[in-house]
Structures are given as C-alpha cells and as structure tokens.
Amino acid sequence: MNILEMTKISEEFGGLRAVDNVSLSVLPREILGIIGPNGAGKTTLFNIITGIYVPTEGQLLFKERRIDGLAPHDIARLGIARTFQNIRLFGKLSVLDNVRVGRYGVTRSGFWSGLLRLPGGRREEKETELRAIELLELVGLADKRHEYAQYLAYGEQRRLEIVRALALDPSLLLLDEPGAGMNAGEKEELMAFVRSIRDQLELTIILVEHDMNLVMNICERIAVLNYGRKIAEGTPAQVKNDEQVIQSYLGAGV
C-alpha cells in the first residue's frame, strides 16, 4: 500500500500552472527525491501535500484517506510534517523549547488545562519535555538543549529544524532543501542523519534538493519536475541517464 498517492494534481495561480497534472506514488519507508530547476513546482507540491494550498485539480490520498482540502493542522495531526527551505527556528528560544513548540501540534490538552495547571495538562507537559529530550538525544543535541537556537552552528540548526518536525511524530517527513548552505562535510553528515532517522523512526521521507550528489546518494527513487510537469521518474541511475532530464536540468556534462 502506498503511503501517499497523488493523482493528476494541478495548482494554478492567476492562469499560470505551477503544478500541472502531476501523479506520484510514495511507498512506506522510502526516501523519494524531487528535483528540477527553480520554478519547477517542487515547493508548491510540498505546500499542496501539507494543506497550505488546495489543489486546483486532482486528488491527494494519505494512507488511503483523502486529504486535499484539509487544514494544515489537521494534516499535521494525521502524520505529515515538513521543514522549510529557509530555517525557521525561534532563535531566542532554547533548543529544547523549539522542539517542545513543535510537539504542541499533537498534544491534546486545551488552553484552560494548561493555564490552570490541571493534572492532565501537567502530565502532558512532562511527556512533551521527555519526548523532546529523547529526540534531541537521537540527533546529538541533548547536551545543548538549554542553549539559544540562534547560537547553534548552521548544520546543527538544520538538524534542530528537522527534530522540531519530528516532534509531531510523523510517518511522512517532507524536507525542503535540507542541504542548503551546507559545506561538503555537513552534507555527508546530513545524508547519514536522514538515513538514520528513516530507519530508527520508520519514516517515509520526501526530499527536495538541488545538490545532485546528495540526491543521487541518498534517494532510492527520484521524480523530476520541469515547468510544473513531471518529466521523469525512476531510480537515480535511470534519472541520471534520462535524455530529457539531461537536456532540461542536469546538463550534458552529467
């Protein structure tokens, strides 16, 4: 059973189709890459999956449940989390508090329970803190949990943003250019990190990335977008040798 099924998805803005008739299936525990030139529709597709945009046409199923048209917070509660191209941490909050903020997307206690310090709210608050520390230990940031997020190294900030998404306990994680701004060594660490969380947390991961070395070495399957349309799909080797992909994106030197 596919964890995510996109069928003829289109998104139109003022007569311009940012995504045009895209169909794509995602398998459980797969690392799928989505590549293409700037303006190809990659981030728009992420925004559709997470409910920021409602597709103009098409159908989106997550675990066989239709989700196109649901609000972003409802989609998050179903088990879809994402990061963004630009780091969006709360710089003046601690590392721990950044993860706890992410966790509140799936907590059950209401406003008054937390404000009045009712037993259910206190219990959930403690559970939230323990889960946040557990996730920080998973990525090697537990010893920095009381530091301000803005003082972390760039690669650590990227990892923290991913951990904040993991605080939602997703089964599908969308990573929007996680390697942006990283040097070669940091990208090597990122690849190992992504594989590790996929295996340990049994995640499915969809990755948008411009660095072809990273994509080709971490993704099991790749879909290629150009001008909003899917022009190729297959294993890294198949995509790398696809003539249409070479001409429109990778270049003849690949």
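These remarks concern the structure in this document.

About the cut-offs
- Residues numbered from 1 in each chain as written.
- Predicted model: local features only at pLDDT ≥ 70, side-chain atom pairs only at ≥ 80, totals over all residues.
- Heavy atoms only, no water.
- Helix = DSSP H or I, 4+ residues; strand = E, 2+ residues; numbered from the N terminus.
- Rg over C-alpha atoms; globule rule 2.2 N^0.38 Å.
- Buried < 20%, exposed > 50% of the residue type's maximum accessible area, 1.4 Å probe, protein only.
- Contact = heavy atoms within 4.5 Å.
- Areas by Shrake-Rupley, 256 points an atom, 1.4 Å probe, with all protein chains shown as cover.
- Lys, Arg positive; Asp, Glu negative; His and termini not counted.
- Charge placed at Lys NZ, Arg CZ, Asp CG, Glu CD.
- Pairing = 2+ DSSP bridges.
- Axes fitted to C-alpha atoms, helices over the stretch in contact; angles between N-to-C directions.

The next thing to look at is the overall build of the protein chain. A count of helices and strands for the protein chain gives 10 helices and 10 strands. Over its C-alpha trace the protein chain gives a radius of gyration of 19 Å, about what one expects of a compact globule, namely 18 Å for 254 residues. Once the C-alpha set of the protein chain is aligned to its principal axes, its extents read approximately 60 × 40 × 35 Å. Scored against the burial criterion, the 254 residues of the protein chain give a buried share of 50%. The contacts of the protein chain with a sequence gap of at least 6 include a subset with a gap of at least 24, amounting to 68%. Carbon and sulfur atoms provide 49% of the accessible area of the protein chain, an area that totals close to 12100 Å². Charged side chains in the protein chain number 31 positive and 34 negative. The centres of these two groups are separated by 4 Å.

Now for the sheet that holds strand E10 (residues 229-234). Taking strand neighbours across the sheet as the criterion, the six strands line up as E6-E7-E8-E3-E9-E10 in an open arrangement whose pairing is mixed. Across the chains shown, the open sheet's two edge strands, defined by having one partner strand only, are strand E6 (80-82) and E10. Each neighbouring strand pair of the sheet contributes to a mean axis angle of 20°, computed without reference to strand direction. Sheet analysis places E6 next to strand E7 (residues 172-176), joined by three bridges and oriented parallel. Note on E7: the bridge partner recorded for Ala81 is Leu173.

A few words on the pairing of strand E1 (residues 4-13). Two elements, E1 and strand E2 (residues 16-26), share seven bridges in a ladder whose sense is antiparallel. If you follow Glu12 over to E2, its bridge partner there is Arg17. Linkage of E1 to E2, two consecutive antiparallel strands, is achieved through a turn of two residues, within which Gly14 is found at a positive phi near 55°. Where E1 and strand E4 (residues 57-62) come together, five bridges link them in antiparallel fashion. Looking at E4, one finds that Met6 is bridged to Leu60.

The four strands are arranged E2-E1-E4-E5 in an open sheet whose pairing can be described as antiparallel. Across the chains shown, the open sheet's two edge strands, defined by having one partner strand only, are E2 and strand E5 (65-66). Note that E4 and E5 share two bridges and pair antiparallel. When the sheet's bridge partners are listed, Leu61 is paired in E5 with Arg66. Lying over the sheet, helix H1 (residues 42-49) contacts E1, E2 and E4, oriented at roughly 115° with respect to E1.

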